[in-house]
Amino acid sequence: MGWVFAALTGTFGDVASALVALGAGVVVPLGLIATCAHRQAQPAVARSFDVVSLSASLAAPFAVASFLIPRGQAAGALATVWLAATLLVAGSAAARALRRGAAPLEELAIDVGHLYLPVGAAWLVAARAGLEPMGFREPVVTFTANHFHYAGFAAPVVIGLVGRELGGSRAARADEAAPLAGQGLGRLYRVTTPIVLAGIPLVAAGITLSQSLEKPAAFLLGAGMLGAATCIATVGARRLFARGLGSRLTGFGLLLAGGSLVVSMGFAVAFAATGSAGRGAAEPVVSFSTMVALHGAANALGFGLLASLALALQPPAPRVRVPEIPWPRVFARGFVGPDFFERSGLVDPAREVRGQVSSLAALGHAGFDASTVHDDVRRFYERTADYVLYADPTWRTPFVAAGRLHARVMARLVGQLVLPTTRDEGPVHTELFGLRAERDERKEPIGYVRCVDVGGERRASFVASYARIEVEGQPYLSCAFPLPRCALVAVLCLEAGAVDGGLALTSASPEREGSSAAGMYLVTPLGALRLPLSERLELWREEGGALRATHVARLAGLTCFSIAYAIEPREPAGR
């Protein structure tokens, strides 16, 4: 109500300033409330959100107050408080994205909106301090601050929240069916969201750098926003058909927000496509006053405020959570090599270990019945040292040269993760032993060293620490590869293999509700980062009794290599 009174009395001076003040003082806090309203179900982000929400709440009045005094150093100083708070918002989002990874798409959209927010805050500081960044003058500076508070922050966050309610990057489920739900909605969301996320900075770059980029970027963003408006209106329509006054009111608000977005983006496309935003537009086709009065009002009041308010009143719950995972702290100081665990003093001679796991049954869960695994497959994992492996690698064309370079560098400089590149490297032997848990949050870790003989020299191809971990009641196999000052950790989920009686271990997160710890992570002294890597290992018994396995690794969904393994019993010593 205070903002309404100030706007009606002309306290802000002009419409553009009033809309930026609304964005900083109302829309952004509402977006933060809606984003993490279910933080009790997300223990990994709850602590950071408490800091972020408190800082934003305390800093928002400073942003609004910067418009209540004339431009200059004092007004710029007040706006700088808001900039500092938005940097905390962006830092929290970056940490969340690094920890979780790019998926799912709706969470990525929310994080990107948080990352764009400091850009709008920086332009707000420039506007209130009377600066002319990159030669731009008023009202362009204030208008740019407006753009990044609404198109930059509000649009991705609203799209992400809408994605949560739609089921994210999946198609709508049949049990949620409403008159406007359909298989095409999931595809529309998957196409629309990346376009919006990329279109926002492209339009800004086009206005700043080149009109030849500005026009196609404006059309791209406009098309993306049109698709987003469809998704927003769909969620609004679903809520209108739901029971309860709250659902119907918020649904009506989202329907209005979707319509307002169509109107506002029509003016934005015309503004950018005609070069009206450029430095040289002395007589723009679409004037700044028209943009502020029509595009700005529709975007801020009709879209940003209504959508953020509706989603804050009834915030959709995230379909995935970032789980808390116990991490190993087994880092190398330099070269790893086959004797790493002995040199590090981590070997526990009192523990006798023969397999990668002590019991395969202990890794069973609701989606995997360990009793269905063939006895020979189970025996390999529980008595791994009794077998030798013969590897037959196949590298995909884009990664062949990189694979050879990786193998040479890792063999000579690191002594770890030496992936095979040829078939004739000889048998692979496995050594296992118990490890002490002084530097490991996991229970009963197992040392695992896989070696090949190269020219009579014992060379480590894989040096790892295995352990069973439990995350939110789900058992996983955690495999940590020590590297200089860090570790590569694969958190693997067990499932039935493609062949009856077979077993698969995968680090790919399933597309399902809830949370999954499965993934590839780089664990550093500062924390864990999720990598765009995944692997899948399958082991099965052929009809003749032979054991076979495959290991497939993917980078950002692209297959890098696959390794086929022939597995044979080790001959007893002395033969």
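Since this is a predicted model, take the numbers as computed values, not measurements. (Residues numbered from 1 in each chain as written. Predicted model: local features only at pLDDT ≥ 70, side-chain atom pairs only at ≥ 80, totals over all residues. Heavy atoms only, no water.)

Quick notes on the packing of helix α4 (residues 73-100) against helix α5 (residues 105-129)
Our working definition: An axis is simply a line fitted to the C-alpha atoms; with a helix, the fit covers only the stretch in contact. Between two such axes, the angle follows the N-to-C directions and lies from 0 to 180 degrees. Working definition: helices are DSSP H or I runs of at least four residues, strands are E runs of at least two. Numbering for both runs from the N terminus. Any angle between 65 and 115 degrees counts as roughly perpendicular, while under 35 counts as roughly parallel, over 145 as roughly antiparallel, and the rest as oblique. Less than a right angle of anticlockwise turn of the near helix away from the far helix marks a crossing as left-handed, whereas a clockwise turn marks it as right-handed. For this classification, Asp, Glu, Lys and Arg are treated as charged, while Ala, Val, Leu, Ile, Met, Phe, Trp, Tyr, Cys and Pro are nonpolar and the rest, including Gly, are polar.
Closest axis-to-axis distance for the α4/α5 pair is 8 Å, and the angle between their directions is 165°. With respect to each other, α4 and α5 are oriented roughly antiparallel. With respect to the hand of their crossing, α4 and α5 are arranged in left-handed fashion. Of the residues belonging to the contact of α4 with α5, the class tally is 19 nonpolar, four polar and five charged.

Regarding the environment of S17
Put simply, the rule is: Throughout this description, buried means an accessible area under 20% of the type-specific maximum (1.4 Å probe, protein chains only), exposed means over 50%, and partly exposed covers the range between.
Along the polypeptide, S17 turns up in helix α2 (residues 15-35). Its relative accessible area of 1% is what places S17 among the buried residues. Put simply, S17 and R128 are 111 residues apart on the chain and 9.5 Å apart in space, counted from C-alpha to C-alpha.

Some remarks on the packing of α2 against α5
Inclusion rule: Between two residues, a contact is recorded if the distance between any of their heavy atoms is within 4.5 Å.
As a packed pair, α2 and α5 sit with axes 12 Å apart at the nearest point and diverge in direction by 155°. The angle between α2 and α5 falls in the class roughly antiparallel. Two packed elements cross with a definite hand, and for α2 against α5 that hand is left-handed. Of the residues in α5, those in contact with S17, V20, V28, L32 and T35 of α2 are I110, H114, L117, L124 and R128. Here the contact of α2 with α5 is composed, by residue class, of six nonpolar, three polar and one charged.

Things to note about the pairing of strand β10 (residues 519-524)
Applied cut-off: DSSP calls a pair of strands paired once it identifies at least 2 bridges connecting them.
Extensive coverage of β10 is indicated by the burial of five of its six residues. Pairing analysis gives five bridges linking strand β7 (residues 486-496) to β10, with the strands arranged antiparallel. Across the sheet, V489 pairs through a bridge with Y521, a residue of β10. The pairing of β10 with strand β11 (residues 527-530) spans four bridges and is classified as antiparallel. Bridge assignment links V523 to a residue of β11, and that residue is A528. Between β10 and β11, which pair antiparallel and follow one another directly, the connecting turn spans two residues.

As for the confidence of the model for the chain
The condition that has to hold: Summary of the metric used: pLDDT quantifies the predictor's per-residue confidence within the range 0 to 100.
Averaged over the chain, the pLDDT score is 78; the fraction of residues at 70 or greater is 81%. For the chain, the element scoring lowest by mean pLDDT is helix α1 (residues 2-8), at 47; strand β8 (residues 503-506) scores highest, at 91. Across residues 168-182 the pLDDT falls below 50, and counting only partners more than four positions away or on other chains, this stretch makes 33 contacts in the model. Every residue in residues 276-282 is under pLDDT 50, and counting partners more than four places away or in other chains gives 15 contacts.

Quick word on a nonpolar patch on the surface
Just so we agree on the cut-off: Note on patches: the residues involved have over 30% relative accessible area and no salt bridge, like charges join within 9 Å, and the nonpolar side chains Val, Leu, Ile, Met, Phe, Trp and Tyr join within 5 Å. Here the open area of atoms and residues is found with the Shrake-Rupley method and a 1.4 Å probe, where only the protein chains shown may cover a residue. Just to be clear on terms, a salt bridge is a Lys or Arg side-chain nitrogen sitting within 4 Å of an Asp or Glu carboxyl oxygen.
A surface patch of nonpolar side chains, about 460 Å² in accessible area, is lined by L240, F241, F252, L255 and L256. With three residues, the top contributor of residues to the nonpolar patch is helix α9 (residues 245-273). Following the sequence through the fold, L240 ends up in helix α8 (residues 211-241). Given a relative accessible area of 33%, L240 falls into the partly exposed group.

Observations regarding the nonpolar core
Selection criterion: Nonpolar cores are built from buried Ala, Val, Leu, Ile, Met, Phe, Trp, Tyr and Cys residues. Side-chain atoms within 4.5 Å join them into one set.
Counting residues in hydrophobic clusters, the biggest one holds 73 residues, and the most contacted among them are W82, L124, L261 and F303. Ranked by residue count, the leading element in this core is helix α6 (residues 140-166), at 14 residues. When sequence neighbours within four positions are dropped, the list of residues in contact with W82 reads A24, V28, A56, A59, A60, A63, A121, L124 and H149.

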